[in-house]
Amino acid sequence: MKLLTHIGLTVFIIAFGNALAAQERTVLERWEADHTEIFDASDVSLDELHWIARPLIVFADSPNDPRFQQQMDLLSSGRDDLAERDVIIITDTDPAALTSVRTTLRPRGYSMALLGKDGRVALRKPTPWSVRELSRSIDKMPLRQQEVEDRRLLAQ
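Structure report, in brief. Remember, it's a predicted structure, so these values are computed and weren't measured experimentally.

1. Describing the sheet that holds strand 5 (residues 121-125)
Backbone-to-backbone hydrogen bonds join strands into a sheet, with any given pair of strands oriented parallel or antiparallel.
And step 1. The strand order 1-3-2-4-5 describes an open sheet built from five strands, whose pairing is mixed. Because the sheet does not close on itself, it has two edges, and the strands there are strand 1 (38-40) and strand 5. Between one strand axis and the next, the sheet turns through 20 degrees on average, direction left out of account.
And step 2. Pairing of strand 4 (residues 111-115) with strand 5, which is carried by four bridges, proceeds in the antiparallel orientation. Across the sheet, Leu114 pairs through a bridge with Leu123, a residue of strand 5.
And step 3. Against the sheet, helix 4 (residues 66-76) engages strand 1, strand 2 (54-59), strand 3 (87-92) and strand 4, with an angle of about 145 degrees to strand 2.

Next comes the structure, spelled out in structure tokens:
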């Protein structure tokens, strides 16, 4: 019985330690470890992502908004395609929280905004978009075209 208690306590301590370690990592560190993770806007500083990632922010007044849910469903089916394009997905469904992301972009109701790596708003949409549509918009960006060309040259 003591052995089982000791094992249970050990497992708890390891799990608790891992949870604390995950909380201590920055958003950027967590995103670099898993490009498909979705982040809450209250945890994100857009300045931290400058020149590293393309923030895709999905806003709504509630997580129950059907357009928000549709957009998240569309994004979940193509997270790998977005990860390949250095897209970090950020959600903000609490207007009362007044996150720095929300105050910077000032959405009304449901909207989606895609920022370039330079921090500029590249796209704003009042309706959900598919990953294919998003990917095509990203692939037209000059910096993305340069990234593709650089990878092609490195592969030779």
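2. Observations regarding the pairing of strand 4
And step 1. The buried count for strand 4 comes to five of five residues, which makes it a mostly enclosed element.
And step 2. Burial along strand 4 is two-sided: Ser111, Ala113 and Leu115 facing one way and Met112 and Leu114 facing the other are all buried.
And step 3. Pairing between strand 2 and strand 4: four bridges, direction antiparallel. When the sheet's bridge partners are listed, Val58 is paired in strand 4 with Met112.

3. Description of the side chain of Thr36
And step 1. Relative to the assigned elements, Thr36 resides in the loop between helix 2 (27-33) and strand 1.
And step 2. Reaching out from Thr36, the side chain makes a polar contact with the side chain of Asp34 at a distance of 2.5 Å.
And step 3. Setting aside anything within four residues of it in sequence, one finds Thr36 in contact with Arg79, Asp80 and Ala83.

4. Thoughts on the environment of Glu29
And step 1. For Glu29, the location among the structural elements is in helix 2.
And step 2. Under the relative-accessibility criterion, Glu29 is labelled partly exposed at 40%.
And step 3. Here Thr26 takes part through its backbone nitrogen, which lies 2.9 Å from a polar atom of the side chain of Glu29.

Rules of the game
Residues numbered from 1 in each chain as written. Predicted model: local features only at pLDDT ≥ 70, side-chain atom pairs only at ≥ 80, totals over all residues. Heavy atoms only, no water. Pairing = 2+ DSSP bridges. Helix = DSSP H or I, 4+ residues; strand = E, 2+ residues; numbered from the N terminus. Axes fitted to C-alpha atoms, helices over the stretch in contact; angles between N-to-C directions. Contact = heavy atoms within 4.5 Å. Buried < 20%, exposed > 50% of the residue type's maximum accessible area, 1.4 Å probe, protein only. Polar contact = N/O pair within 3.5 Å; in protein donor to acceptor, adjacent residues only side chain to side chain.

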